[in-house]
Amino acid sequence: MRILAFAPLALLLPAAAQAQEKPDPAHLKATVDKLVSFGTRHTLSDPENPTRGIGAARRWFAAELSKIGDQCNCIEVANIARTFTGPRAPNGVEIVDVLGFQAGTDPKRVVIVMGHIDSRVTDVMNATADAPGANDDGSGTALVLEAARILSKQKFKATIVYAALSGEEQGLFGGQLLAETAKERGWTVTAVLNNDIVGNTVGTDGRKVADRVRVFSETFSEGDEPASLKGLRADGGEDDGPSRALAKAVDQVAGKIPGGLDAFLVRRPDRFGRGGDHSPFLKLGYPAVRFSVGVENYDAQHQDLVPGKGDTADKMDFPYLAKVTAINVATIRRLASAPAAPDKVTIGGALSTDTSVKWAAVPGAVKYRIHWRRADAQDWTNQLDVTGTEASLKNVVVDDSFVGVSAIGADGAESLVTFGRR
């Protein structure tokens, strides 16, 4: 595998001082139309064809990221690649992920925003038929490019990774490749935002849902050891794992965007019985969520191009896609500006009317925010800002309360909340 070094940051305005540009529906549509123009982006299509297939699409995406990087001198574009074999790739296929690195002052800490660039029709092995993949997942790929265009005008503490993944339809290969690369390279992954099918508002039954986007998250990682799960169960942490904390942060961000969308938090890793490229990150214990539309049109997913069916751009709603993009951009802006979340938060207070809270200092944090809520609530209802690394919450009974701590940077940006445990 090959990864280029992170590029140095340009002298850009801090995130807090930068005017918050809105995503442009016209830009998003132009990107989707271009992706559709490659005919098919099937993972098994000819990677060397200059105008058709997944190779041509990947090269175009890399060139567009490079153009953005050239304007700001802040994004380094590189590919990672590995050969995968599976039931949908029996002869093996080279999976290539196109990545753009916008280096932060802490280059090992990353926020990843991604979509998959490959497409398919009804027969998952049909690599030659036209497979426009406008919404699945041209929408997510376009979102990533638009996020890069906007966020490249700012500088951040964490490194932002813009990713177009391959091989999702053949077995989540691109997600696995990037997740394992993160682990091999020793990245501290603050958040993974997977955008897959994020550009339509009319469902299969004709119902229109244009006021919300679904955000899927899990609470327990597949990689958690039984002893860790036992501790989470005992401490009541079923709704506060890292990925669930990320989903709650997305919800907070979305609620502050004027005229935006409701973040509908679905408390399962993905749609019922289905998966996406964030799944390999969950297996490795990284905070990851999936964005997907409020209502799906199954006639426009994985379908041959026949009358009434097919994943074409005319079935999409680009102003809606711009709103989903805005949530991603705002979430990245917050988390990449903030310090890392506290690694561990320890609470105590058995046989007491007060709750004690302790945590280790976080580099770059100027203060910390202690959150708590009644044990029958899902969202944090109370908070206290402190400058030290321990506190006592007077008259907060630990038996009846949940507690967490976030780190706050000099510009007020807040990390994810780390759930307090014994």
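Residues numbered from 1 in each chain as written. Predicted model: local features only at pLDDT ≥ 70, side-chain atom pairs only at ≥ 80, totals over all residues. Heavy atoms only, no water.

1. Brief notes about the overall build of the chain
At step 1: Looking only at helices and strands, one finds nine helices and 17 strands in the chain.
At step 2: Computed over the C-alpha atoms, the radius of gyration of the chain is 21 Å, within 12% of the 22 Å expected from 2.2 N^0.38 for a compact globule of 422 residues.
At step 3: Based on the C-alpha atoms only, the size of the chain along its principal axes is roughly 70 × 45 × 45 Å.
At step 4: Going through the 422 residues of the chain one by one, you find that 58% of them count as buried.
At step 5: Taking as baseline every contact in the chain between residues at least 6 positions apart, the subset at least 24 positions apart corresponds to 76%.
At step 6: On the chain, roughly 17,000 Å² of surface is accessible, and the fraction owed to carbon and sulfur atoms is 52%.
At step 7: In the chain, 49 side chains carry a positive charge and 52 a negative one; their mean positions are 3 Å apart. (Helix = DSSP H or I, 4+ residues; strand = E, 2+ residues; numbered from the N terminus. Rg over C-alpha atoms; globule rule 2.2 N^0.38 Å. Buried < 20%, exposed > 50% of the residue type's maximum accessible area, 1.4 Å probe, protein only. Contact = heavy atoms within 4.5 Å. Areas by Shrake-Rupley, 256 points an atom, 1.4 Å probe, with all protein chains shown as cover. Lys, Arg positive; Asp, Glu negative; His and termini not counted. Charge placed at Lys NZ, Arg CZ, Asp CG, Glu CD.)

2. Re the packing of aromatic side chains
At step 1: Applying the stated criterion to the full structure yields six aromatic pairs.
At step 2: Between Phe38 and Trp60, the ring centres sit 6.5 Å apart and the planes meet at 55°, which makes this aromatic pair tilted. Remark: Trp60 occurs in helix H2 (residues 54-72) and Phe38 occurs in the loop between helix H1 (25-36) and H2; sequence separation between them is 22 residues. (Phe/Tyr/Trp six-rings, centres within 6.5 Å; stacked < 30°, edge-to-face > 60°.)

3. Quick word on the environment of Asp24
At step 1: Tracing the backbone through its elements, the reader meets Asp24 in the loop between strand S1 (13-14) and H1.
At step 2: For the pair Asp24 and Pro319, spaced 295 residues apart in sequence, the C-alpha to C-alpha distance is 7.9 Å.
At step 3: Apart from residues lying up to four places away in sequence, Asp24 is in contact with Glu146 and Arg149.
At step 4: A distance of 2.8 Å separates a polar atom in the side chain of Asp24 from the backbone nitrogen of Ala26. (Polar contact = N/O pair within 3.5 Å; in protein donor to acceptor, adjacent residues only side chain to side chain.)

4. Let's talk about the sheet that holds strand S9 (residues 262-266)
Picture the strands of a sheet paired through backbone hydrogen bonds; they go either parallel or antiparallel.
At step 1: Ordered by their spatial adjacency, eight strands build an open sheet running S2-S3-S6-S4-S7-S10-S8-S9, and the pairing between neighbours is mixed. The sheet is open, and its two borders are formed by strand S2 (75-86) and S9, each paired with just one other strand. Taken over all neighbouring pairs, the strand axes of this sheet differ in orientation by 25° on average, direction set aside.
At step 2: Two elements, strand S8 (residues 212-216) and S9, share five bridges in a ladder whose sense is parallel. Note that in S9 the partner of Phe216 across the bridge is Val266. (Pairing = 2+ DSSP bridges. Axes fitted to C-alpha atoms, helices over the stretch in contact; angles between N-to-C directions.)

5. Brief notes about the state of the cysteines
At step 1: Within this structure, the stated rule accounts for one disulfide.
At step 2: With a sulfur-sulfur separation of 2.1 Å, Cys72 is cross-linked through a disulfide to Cys74. Here the S-S torsion is close to -85°, and the disulfide linking Cys72 with Cys74 is therefore left-handed.
At step 3: On the basis of relative accessible area, Cys72 is assigned to the buried category, the value being 9%. (Disulfide = S-S within 2.5 Å.)

6. A word on helix H5 (residues 173-185)
Residues spaced three or four apart along an α-helix face the same direction, because each turn holds 3.6 residues.
At step 1: The terminal C-alpha atoms of H5 lie 18 Å apart, and with 13 residues this matches the ideal 18 Å at 1.5 Å per residue to within 8%.
At step 2: Those residues of H5 not exposed but buried are Phe173, Gly174, Gly175, Leu177, Leu178, Ala179, Thr181 and Ala182.
At step 3: Looking one or two places after H5, you find Gly186, whose phi comes out positive at around 70°. (Expected span 1.5 Å × (residues − 1).)

7. Some words on unusual backbone geometry
Note: most residues except glycine have negative phi, and most peptide bonds are trans.
At step 1: Geometrically, the link from Asp136 to Asp137 is a cis peptide bond, its omega value of 5° lying close to zero.
At step 2: Here Asp137 is to be found in helix H3 (residues 134-151).
At step 3: A positive phi angle, near 60°, is found at Asn395, a position not held by glycine.
At step 4: Along the chain, the position of Asn395 falls in the loop between strand S15 (390-393) and strand S16 (401-408).

8. Observations concerning the pattern of salt bridges
At step 1: All told, the structure shown has 30 salt bridges when counted by the stated rule.
At step 2: Here Asp106 ties to Arg109 by a salt bridge, and the two come within 3.8 Å at their closest N and O atoms.
At step 3: Looking at Arg109, the relative accessible area reads 3%, which means it is buried.
At step 4: With its nearest N and O atoms 3.4 Å apart, the salt bridge here joins Glu296 to Arg274. In this pair, Glu296 sits in the loop between strand S10 (288-293) and helix H9 (318-337) while Arg274 sits in the loop between S9 and helix H8 (279-283), placing the two residues 22 residues apart along the sequence. (Salt bridge = Lys/Arg side-chain N within 4 Å of Asp/Glu carboxyl O.)

9. Remarks on the packing of H1 against H9
At step 1: The geometry of H1 relative to H9 is characterised by a closest axis approach of 8 Å and an angle of 105° between their N-to-C directions. Put simply, H1 runs roughly perpendicular to H9. The segment H1 lies against H9, with Pro25, Leu28, Lys29 and Val32 engaging Phe318, Pro319, Leu321, Ala322 and Thr325. (Parallel < 35°, antiparallel > 145°, perpendicular 65-115°, else oblique.)

10. Some thoughts on the packing of H1 against H3
At step 1: Running from N to C, H1 and H3 cross one another at 130°; their axes reach a closest spacing of 9 Å. Classified by the interaxial angle, the pair formed by H1 and H3 is oblique. Like other packed secondary-structure pairs, H1 and H3 cross with a definite hand, here right-handed. In this structure, H1 uses His27, Leu28, Thr31, Val32, Leu35 and Val36 to contact H3, whose residues at the interface are Ala134, Gly138, Ser139, Thr141, Ala142, Leu143, Leu145, Glu146 and Arg149.
At step 2: Taken together, the residues of the contact of H1 with H3 break down into eight nonpolar, five polar and two charged. (Left-handed = near helix turned anticlockwise from the far one by under 90°. Nonpolar A, V, L, I, M, F, W, Y, C, P; charged D, E, K, R; others polar.)

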